Amino acid sequence: MNYKELINPKSIVVVGASDNILKPGGSVLHNLINGTFDKELYVVNARGGTIQGVKAYKTIEEIPQTDLAVISVPASQCLHTVEYMAKEKGVKAFIIFSAGFSEESEEGAKMEKQLLDTANKAGVLIIGPNCSGFFNTFHQSIFTRPIPNLDPQGVDIISSSGGTITYIIESAMSIGLRFNSAWSIGNSAQVGIEDILEYLDNEFNPKSSPKIKLLYLEKIADPDRFLHHSASLINKGCKIAAIKSGSSTSGSRAASSHTGAIATSDSAVEALFRKAGIIRCYSREELANVGAVLSLKELKGKNLAIITQAGGPAVILTDALSKGNIDVPEMNKELAAELKKHLLPGAAVSNPIDIIGTGTGEHMSICIDFCEKHFKEIDGIAVLYGNPGVSNVAEAYKMLDQKIKSSHLPIYPILPSVITATKEMEEFVKQGHVNFTDEYALANALSKVVSWTPPSVGKMEDLSVDIPRIRAIIDKTPDGYIDSGAIRQLFDAAGIPKVEELVTADKDEAIAFGNKTGYPVVAKCVGPIHKSDVGGVVLNIRTEEHLAYTFDRLMKIPDTTSVMMQPMLSGKELFIGAKYEPTFGHIILCGLGGIFVEILKDVASGLAPLSFQEASSMIRSLKAYKIIEGTRGQKGLNEKLYTEIIVRLSIMLRFAPEIKEMDINPLLANEEKVVAVDARIRIEK
């Protein structure tokens, strides 16, 4: 697909132009006239004359040959307009604002299909319909405002929603982010998110292309293409942050296993983003702040110094950074004592470094230089400087401007006085800087960037997984939930450790197993889906008599076909699950096991096959990770083995698409072992 005439047209026509800048046709013309476009501009309006000072042609038949057409007419007129202008006027690219297509009705969907067929037949490009337009440094063919500061090295933003792209841009402008291009794709009749990523990927030049992409997505039509091109861009040096909306209800359907209940399409999005290396955001402000962090020098560690003139915000920032696994290390006493000599009485210098409210820009500058030269533990500096009314803010911000430009460390400015230092903040931003007006927002964005993991597309770990044996087991197993014997065979082939067990309907055989393995043992009914709900799990059976009584009771539970026996093991309960999502493949989930899976829903997801890095990232993103890591004197669990089991399971699933749902719940884990205790697998061929 050719984007040349969209990106840098030699001529533009606005069809449906207006003098009223509150109408799309008037607003886009206003933006073009007052923007950077300096080539041939035509307008079409049935009354003729001039529109906003530009000669108006009464019909599309009258206009000269044109590269790009911006269409703002009723939907019913779009088909003829595109067909005629593509054939007779040489138009190669169209931006269609008009609504009333597939977003509105079946009739509109038919018109959109006709429009697409016409465009494809003519070999022209269409953005929209039902979009707000496109802009870059060459032209601003968009009807929304404001137009942000433009910079060839600024951010590229792509959005499914015209209104949302405007509000994201406003959020970003307020903190100083600059833009190279904005793509509002509307209904994506022809050009969708995957197409634009492919274009940006193919055209990427590591020396001159912008390195930051922000996305707002309402659908991912082709996950494979999306994954390929986003990961390719990131591997070439880009960073991508994205919001994916509309994922909370699509997976809320009844399912017969724990995983089926929680593996929604939101899990698929998380898994896809993790594999692609995309930073996931959940709000416009968060997306803008992440973009701002990405625009600064890279933080190459996790230690930050904080320089502030107000104690409270520094405490808030320290707490928020800690939650994001970013440290604020204490400065040693000798260094602190030396720094204190250069500051006002009352200054606190351990880190955070509080220069107090009367501290000047000079004091701030001294602290930055001192930290950079002597405080070797740190990887970056956050500077909190507002206007309490007793300092020269303009002078301080000039010094901060100089330090940011000269420092080899990233410096994160937090300038909170949005009322009393408005002019000074605006002047600071004009110098090419971003400004985080809120310390918590910075900490949140920074933690997302620091915890980023690179793409792992096409990467499969070299582990001894017996794929032929797995295929043989799957091929001979009927649809439905498979028996424990087949599960054990699959786990053996995949190298997943499983607790010793016996499944039997014979009480004498069960008692013999208990006597052989030694007590205590566990007994579970086989048949009911949720064993705990029907009293089908009995722990800590310590005698033969207790086992005999328990066996008889379990066999009387409705739908029970046999009893599973296992030795009673100790350890923390973990969980691994998987759910097959159409177009995505297998989504792997992990978290704490037992009842906590459903109660806490603290699970992380990844897309099979997983690399060790991805699986480790999943585990470490859990809120419960400190339990796995070990906390408050308790030994940690064998995280390395847990990671390996997740990776082995993902490889098995990569070659067994017939497995639609599974959970291993629980795995029992301690500092030495991680062993699968119970599992369910459903096959659908």
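These figures come from a predicted structure and were not determined experimentally.

The rules behind each value
- Residues numbered from 1 in each chain as written.
- Predicted model: local features only at pLDDT ≥ 70, side-chain atom pairs only at ≥ 80, totals over all residues.
- Heavy atoms only, no water.
- Pairing = 2+ DSSP bridges.
- Helix = DSSP H or I, 4+ residues; strand = E, 2+ residues; numbered from the N terminus.
- Buried < 20%, exposed > 50% of the residue type's maximum accessible area, 1.4 Å probe, protein only.
- Core = buried A, V, L, I, M, F, W, Y, C linked by side-chain atoms within 4.5 Å.
- pLDDT = per-residue confidence, 0-100.
- Contact = heavy atoms within 4.5 Å.
- Phe/Tyr/Trp six-rings, centres within 6.5 Å; stacked < 30°, edge-to-face > 60°.
- Lys NZ or Arg CZ within 6 Å of the ring centre and 35° of its normal.
- Arc of directions from axis to C-beta.
- Polar contact = N/O pair within 3.5 Å; in protein donor to acceptor, adjacent residues only side chain to side chain.

Peer 1: Can you explain the pairing of strand β10 (residues 150–159)? Please cite residues and give values.
Peer 2: The pairing of β10 with strand β11 (residues 179–184) spans six bridges and is classified as parallel. Looking across to β11, one finds that S159 is bridged to S184. Across four bridges, β10 lies against strand β12 (residues 212–217) in parallel orientation. Opposite D156, over in β12, you have K213 as the bridge partner.

Peer 1: Give a detailed account of the pairing of strand β8 (residues 133–136), specifying residues and quantitative values.
Peer 2: Side-chain alternation along β8 places G133 and F135 on one buried face and F134 and N136 on a second face that is also buried. When β8 meets strand β9 (residues 140–142), the two strands line up antiparallel, connected through three bridges. Paired with F135 across the strands is Q140, a residue of β9. Pairing of β8 with β11, which is carried by four bridges, proceeds in the antiparallel orientation.

Peer 1: Tell me what's going on with the nonpolar core, and back it up with residues and numbers.
Peer 2: Core analysis: the largest hydrophobic core is formed by 54 residues, its most contacted members being L6, I95, I158, W183 and F226. Judged by nonpolar contacts, the second largest core, of 49 residues, contains A578, L610, A615 and I628.

Peer 1: Provide a residue-level description of the confidence of the model for the protein, including the pertinent values.
Peer 2: In this model, the protein carries a mean pLDDT of 93, and residues with pLDDT of at least 70 account for 97%. Counting contacts from residues 250–258, a segment whose pLDDT is below 50, to residues more than four positions away or on other chains yields 21 contacts.

Peer 1: How would you summarise unusual backbone geometry if you had to cite specific residues and measurements?
Peer 2: The omega torsion of the bond from N351 to P352 falls at 10°, within 30 degrees of zero and hence cis. Structurally, P352 can be placed in the loop between α12 (333–340) and β16 (353–354). Residue P666 is reached from N665 by a cis peptide bond, and omega for that bond is 5°. By the element assignment, P666 lies in strand β27 (residues 659–669). Backbone geometry places N351, a non-glycine residue, at a positive phi of 105°. With respect to the helices, strands and loops of the structure, N351 is situated in the loop between α12 and β16. The exposure class assigned to N351 is buried, which follows from its relative accessible area of 7%. For D559, which is not a glycine, the phi torsion comes out positive at approximately 75°. As for its placement among the helices and strands, D559 is situated in the loop between α20 (544–555) and β23 (562–567). Exposure remark for D559: the relative accessible area of 64% places this residue in the exposed category.

Peer 1: Can you tell me about the packing of aromatic side chains, naming the residues and giving the values?
Peer 2: The geometry of an aromatic ring pair is captured by the separation of the ring centres together with the interplanar angle, meaning the angle of the planes. The full count for this structure, using the stated rule, is nine aromatic pairs. Ring plane angle 25° and centroid distance 6.1 Å describe the contact between F226 and F273, whose orientation is recorded as stacked. Remark: F273 occurs in helix α9 (residues 265–276) and F226 occurs in helix α7 (residues 223–235); sequence separation between them is 47 residues. Grouping residues by exposure puts F226 and F273 together as buried. Through pairs of rings, three or more aromatic residues link up here, namely Y3, F134, W183 and Y199. In this arrangement the basic side chain of K239 is found over the ring face of W452, its NZ or CZ atom lying 4.6 Å from the centre. When the ring centre of Y580 is taken as reference, the NZ or CZ atom of K660 above it lies at 4.0 Å.

Peer 1: For helix α17 (residues 467–476), give the residues involved together with the corresponding values.
Peer 2: What α17 keeps buried is the set I467, I470, I473 and I474. All buried residues of α17 fall inside an arc of 125° around its axis, so they share one side. Seen from the open side of α17, the exposed residues pointing more than 90 degrees away from its buried face are P468, D475 and K476. Packed against the buried residues of α17 are α18 (484–494), α24 (639–654), β27 and β29 (679–683). Between the side-chain oxygen of the N-cap and the backbone nitrogen of R469 there are 3.2 Å, and the N-cap of α17 in question is D466.

Peer 1: An account of the environment of V191 is requested, with residue identities and associated values reported.
Peer 2: Looking at the secondary structure, you find V191 in the loop between β11 and α6 (193–202). Here V191 falls in the buried class, since its relative accessible area comes to 0%. Considering only alpha carbons, one finds V191 and A86, 105 residues apart in sequence, at a separation of 17 Å. Beyond its immediate stretch of four places on either side in the chain, V191 contacts M1, Y3, L125, I126, I127, I185 and I196.

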